[in-house]
Amino acid sequence: ATDPPDPDEVVEAGFTIAEAVITVTTLLVVVAFWLVERARLQRYVLAFLPHARRAGGRAAWNRVERRLGLWTRGQLVLMATVGIASAIAYHLLGLPSALLLGLIAGLCEVIPIVGPLLGAIPALLVALTISPETALAVAVVYVLIQFVEGNVLVPVVMRNAVGLSPLLVLLSLLAGAATAGIVGALLAVPVAAAIEILVEPFQARDVPVASEPRVDADDDAEPEPEAVPAEAT
């Protein structure tokens, strides 16, 4: 038997997880109200545009909504995959309440950067009450699941869903987290996807941009003077 975890650490982890759950719940409530009031909000916003530009504004609105819907479905796929995989692994390791711990891991997956770690904290605390070996096994499972998710699931699911480059996703996550913490990081990727759609009409994609010309070592040498033809006599 091992010593129980520090009560202060348990309380701190509980507050962190509670904050994450409240954030996700608030987001779900906002999404529910958005679905109910979508048509009225769209008409209200488009009323500010000139009549000639309302069709284009409505098309851009619909493209943004489609991108956000794809992001939401992709996020749900990641949450379900991580939650089910975690629950099965915890059950095989003999942790009590494996289904609840897997549910927590799946819900926390929606929070970028720190979400996966927050989802693993309850399982680690429960494992510590059993044995250090069990806690080590939980940590190994956490690393394996996150490795598969980050290197297989996220590139396949989120790249196809959102259509953003990995660099833009990373920069948007860092900017959102620095601006508004967990909420900012949560909304960073869909906001970046929406902004990309809004700026697309300003790009002249019909005229491709030429690649940068290749610079060879001989290009630095001075060009030889061209031969001057002799004047006709």
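Residues numbered from 1 in each chain as written. Predicted model: local features only at pLDDT ≥ 70, side-chain atom pairs only at ≥ 80, totals over all residues. Heavy atoms only, no water.

1. Side note on the overall build of the protein
Worth spelling out the cut-off: Helix and strand assignments come from DSSP, with helices taken as H or I runs of at least 4 residues and strands as E runs of at least 2, each series counted from the N terminus. Exposure classes here rest on a 1.4 Å probe applied to the protein chains alone. A residue is buried below 20% of its type maximum, exposed above 50%, and partly exposed in between. Contact criterion: two residues are considered in contact whenever any of their non-hydrogen atoms come within 4.5 Å of each other. In short, Shrake-Rupley with a 1.4 Å probe defines the accessible areas, and a residue's cover is counted only from the protein chains shown.
Tallying secondary structure elements over the protein gives six helices and zero strands in all. Mapped in sequence order, the helices and strands of the protein form the string α-α-α-α-α-α. Taking all 233 residues of the protein together, the buried fraction comes to 30%. Across the protein, every contact between residues at least 6 apart in sequence was considered, and the portion connecting residues at least 24 apart equals 64%. Here the protein displays about 15,800 Å² of accessible surface, and carbon together with sulfur accounts for 68% of that area.

2. Some points on the environment of Ala 85
Within the secondary structure, Ala 85 sits in helix H2 (residues 54-93). For Ala 85, a relative accessible area of 31% corresponds to the partly exposed category. Taking the C-alpha atoms as reference points, Ala 85 and Ala 105, separated by 20 residues in sequence, lie 9.6 Å from one another.

3. Describing the nonpolar core
What tends to happen in soluble globular proteins is that the nonpolar side chains get buried as a cluster. Applicable threshold: In this text, buried Ala, Val, Leu, Ile, Met, Phe, Trp, Tyr and Cys residues form a nonpolar core when linked through side-chain atoms within 4.5 Å.
Of all hydrophobic cores here, the largest spans eight residues; its members are Tyr 90, Leu 95, Ala 98, Leu 101, Ala 123, Ala 127, Ala 135 and Val 138. At the level of elements, helix H3 (98-108), helix H4 (115-128) and helix H5 (132-162) are the ones that each hand at least two residues to this core. Listed in part, the six residues of the second largest apolar core include Cys 108, Val 110, Ile 111 and Leu 118.

4. A look at H4
Three- or four-residue spacings in an α-helix give side chains the same orientation, since the helix completes a turn every 3.6 residues. Going by this rule: One less than the residue count of a helix, multiplied by 1.5 Å, gives the span that helix is expected to have. The bend reported for a residue corresponds to the angle between axes fitted to the seven residues ending at that residue and the seven starting there.
With 14 residues, H4 extends 21 Å between its outermost C-alpha atoms, agreeing within 8% with the 20 Å of an ideal straight helix rising 1.5 Å per residue. The sharpest bend along H4 measures roughly 30° and falls at Ile 121, with the proline Pro 122 sitting one to four residues further on. Taken residue by residue, H4 has Gly 115, Pro 116, Leu 118, Gly 119, Ala 120, Pro 122, Ala 123, Leu 125 and Ala 127 as its buried positions.

5. Observations regarding a nonpolar patch on the surface
Selection criterion: Patch membership requires over 30% relative accessible area and the absence of a salt bridge. Like charges are linked within 9 Å, and nonpolar side chains (Val, Leu, Ile, Met, Phe, Trp, Tyr) within 5 Å. We count a salt bridge whenever a side-chain nitrogen from Lys or Arg sits within 4 Å of a carboxyl oxygen from Asp or Glu.
On the surface, a nonpolar cluster with roughly 650 Å² of combined accessible area is contributed by Val 183, Leu 187, Val 191, Ile 195, Leu 198, Val 199 and Phe 202. Position of Val 183 among the secondary structure elements: in helix H6 (residues 166-199). On the accessibility criterion, Val 183 (41% relative accessible area) is partly exposed.

6. Description of the packing of aromatic side chains
How we decide: Aromatic pairing here means that ring centres of Phe, Tyr or Trp (its six-membered ring) are within 6.5 Å. Orientation follows from the plane angle: under 30 degrees is stacked, over 60 is edge-to-face, and everything else is tilted.
Under the counting rule described, the total for this entry stands at one aromatic pair. Centroid distance Tyr 44 to Phe 48: 5.3 Å. Interplanar angle 85°. Geometry classified as edge-to-face. Judged on exposure class, the residue Tyr 44 and its partner Phe 48 are both exposed.

7. Digging into the packing of H3 against H4
We count it as follows: Here, axes are lines fitted to C-alpha atoms. For helices the fit covers the stretch in contact, and angles between N-to-C directions go from 0 to 180 degrees. Oblique is the label for every angle not falling under 35 degrees (roughly parallel), over 145 degrees (roughly antiparallel), or within 65 to 115 degrees (roughly perpendicular). Crossing handedness: left-handed means the near helix sits turned counterclockwise from the far one by under a right angle, and right-handed means the same turn made clockwise. Only Asp, Glu, Lys and Arg are considered charged, only Ala, Val, Leu, Ile, Met, Phe, Trp, Tyr, Cys and Pro nonpolar, and every remaining residue, Gly among them, polar.
Relative to each other, H3 and H4 sit at 165°, their axes nearing to 7 Å. Taken together, the axis directions place H3 and H4 in an arrangement best described as roughly antiparallel. In the packing of H3 onto H4, the handedness of the crossing is right-handed. Contacts from Leu 101, Ile 104, Ala 105 and Cys 108 in H3 reach Gly 115, Pro 116, Leu 118, Gly 119, Pro 122, Ala 123 and Val 126 in H4. Broken down by class, the residue content of the contact of H3 with H4 amounts to nine nonpolar, two polar and no charged.

8. Regarding unusual backbone geometry
Backbone geometry at Ser 97 places phi at a positive 55°, although glycine is not the residue there. With respect to the secondary-structure elements, Ser 97 resides in the loop between H2 and H3.

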